[in-house]
Amino acid sequence: AQKVTQAQTEISVVEKEDVTLDCVYETRDTTYYLFWYKQPPSGELVFLIRRNSFDEQNEISGRYSWNFQKSTSSFNFTITASQVVDSAVYFCALSGGPLRSNDYKLSFGAGTTVTVRA
Amino acid sequence: DAGVIQSPRHEVTEMGQEVTLRCKPISGHNSLFWYRQTMMRGLELLIYFNNNVPIDDSGMPEDRFSAKMPNASFSTLKIQPSEPRDSAVYFCASSRRGTGPSGPQHFGDGTRLSIL
């Protein structure tokens, strides 16, 4: 069975502060994908990143960065110099890896609500 | 490029009525997914189509729910009869799946359904 835990329910920061969202996962698969999605107050789900379990390199995209550590089964997400527009619910998710029969099945965490105050 | 398009954005109807939710996947995507989001259960996969064929419908709650994909550019999720506990946000997502690894799922804006 696959499980994703986002222990932080809510995080509130002041603009320009950095915020790190924790994600811990459990899986018996030897290959898997990890994801982050953003759900702003308008309600849509926006894909942010997909990571293959073979690739443990950290990734940076603008103010967003992701830290994947297989040893601790974690895939944490940091927003640097947060802005009000970053206010949203952020979901971490897990699926089977490339070419696995369950690579379509996303298991979502409960989400972390981030509020950035001006 | 157009994303996944869902309609309606909001639906309010009375218990017992038939509800039909619609989805147009991203052009070129051959996998389509229906999800339901509630406060209690979070995001749940209801059904997964690949090349218009239902592959996994294990998440469909009960016989009142049905989904179809008559062609590559259109899918419906129908609830008949609807009940108050069906109130939720329903998302459609699509991805590309070929002989290689499948692409990530891209979601529509969702349909907020309220059953009175």
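These remarks concern the structure in this document. (Residues numbered from 1 in each chain as written. Chains lettered and ligands numbered in written order. Predicted model: local features only at pLDDT ≥ 70, side-chain atom pairs only at ≥ 80, totals over all residues. Heavy atoms only, no water.)

To continue, consider the overall build of chain A. Within chain A, the secondary structure is distributed over zero helices and twelve strands. Ordering the α and β elements of chain A from the N terminus gives β-β-β-β-β-β-β-β-β-β-β-β. Taken over the C-alpha trace, chain A has a radius of gyration of 14 Å; the compact-globule value for 118 residues is 13 Å, and the two agree within 12%. In terms of overall dimensions, chain A has C-alpha extents of about 45 × 25 × 20 Å along its principal axes. A separation threshold of at least 6 residues defines the contact pool for chain A, and within that pool the share at least 24 residues apart is 58%. Roughly 5600 Å² of accessible area belongs to chain A as shown, and the carbon and sulfur atoms make up 49% of that amount. Charged side chains in chain A number 11 positive and 13 negative. The centres of these two groups are separated by 5 Å. (Helix = DSSP H or I, 4+ residues; strand = E, 2+ residues; numbered from the N terminus. Rg over C-alpha atoms; globule rule 2.2 N^0.38 Å. Contact = heavy atoms within 4.5 Å. Areas by Shrake-Rupley, 256 points an atom, 1.4 Å probe, with all protein chains shown as cover. Lys, Arg positive; Asp, Glu negative; His and termini not counted. Charge placed at Lys NZ, Arg CZ, Asp CG, Glu CD.)

Further remarks concern the overall build of chain B. Helix and strand counts for chain B stand at zero helices and eleven strands. Reading chain B from its N end, one meets helices and strands in the order β-β-β-β-β-β-β-β-β-β-β. Taken against the 2.2 N^0.38 rule, which gives 13 Å for 116 residues, the C-alpha radius of gyration of chain B at 14 Å falls within 12% of a compact globule. With respect to the three principal axes, the spread of C-alpha positions in chain B is 45 × 30 × 25 Å. A buried classification covers 49% of the 116 residues belonging to chain B. (Buried < 20%, exposed > 50% of the residue type's maximum accessible area, 1.4 Å probe, protein only.)

Another aspect to go through is the pattern of salt bridges. One pass over the full model with this rule turns up 14 salt bridges over all chains. Here Glu59 of chain A ties to Arg51 of chain A by a salt bridge, and the two come within 2.7 Å at their closest N and O atoms. Glu59 of chain A sits in the partly exposed class, given a relative accessible area of 28%. Measuring nitrogen to oxygen at the nearest pair gives 3.5 Å for the salt bridge that ties Arg64 of chain B to Glu83 of chain B. (Salt bridge = Lys/Arg side-chain N within 4 Å of Asp/Glu carboxyl O.)

Here the focus is the side chain of Asn30 of chain B. Residue and element names in this part refer to chain B. Take Asn30: it is sitting in the loop between strand S3 (19-24) and strand S4 (31-38). For Asn30, a relative accessible area of 18% gives the class buried. Among the polar contacts made by the side chain of Asn30, one reaches the main-chain carbonyl oxygen of Arg97 at a distance of 2.5 Å. Aside from chain neighbours lying at most four places away, what touches Asn30 is Phe49, Asn50, Asn51, Ser95, Arg96 and Arg97. (Polar contact = N/O pair within 3.5 Å; in protein donor to acceptor, adjacent residues only side chain to side chain.)

Treat this as a map of the structure, not an account of what it does.
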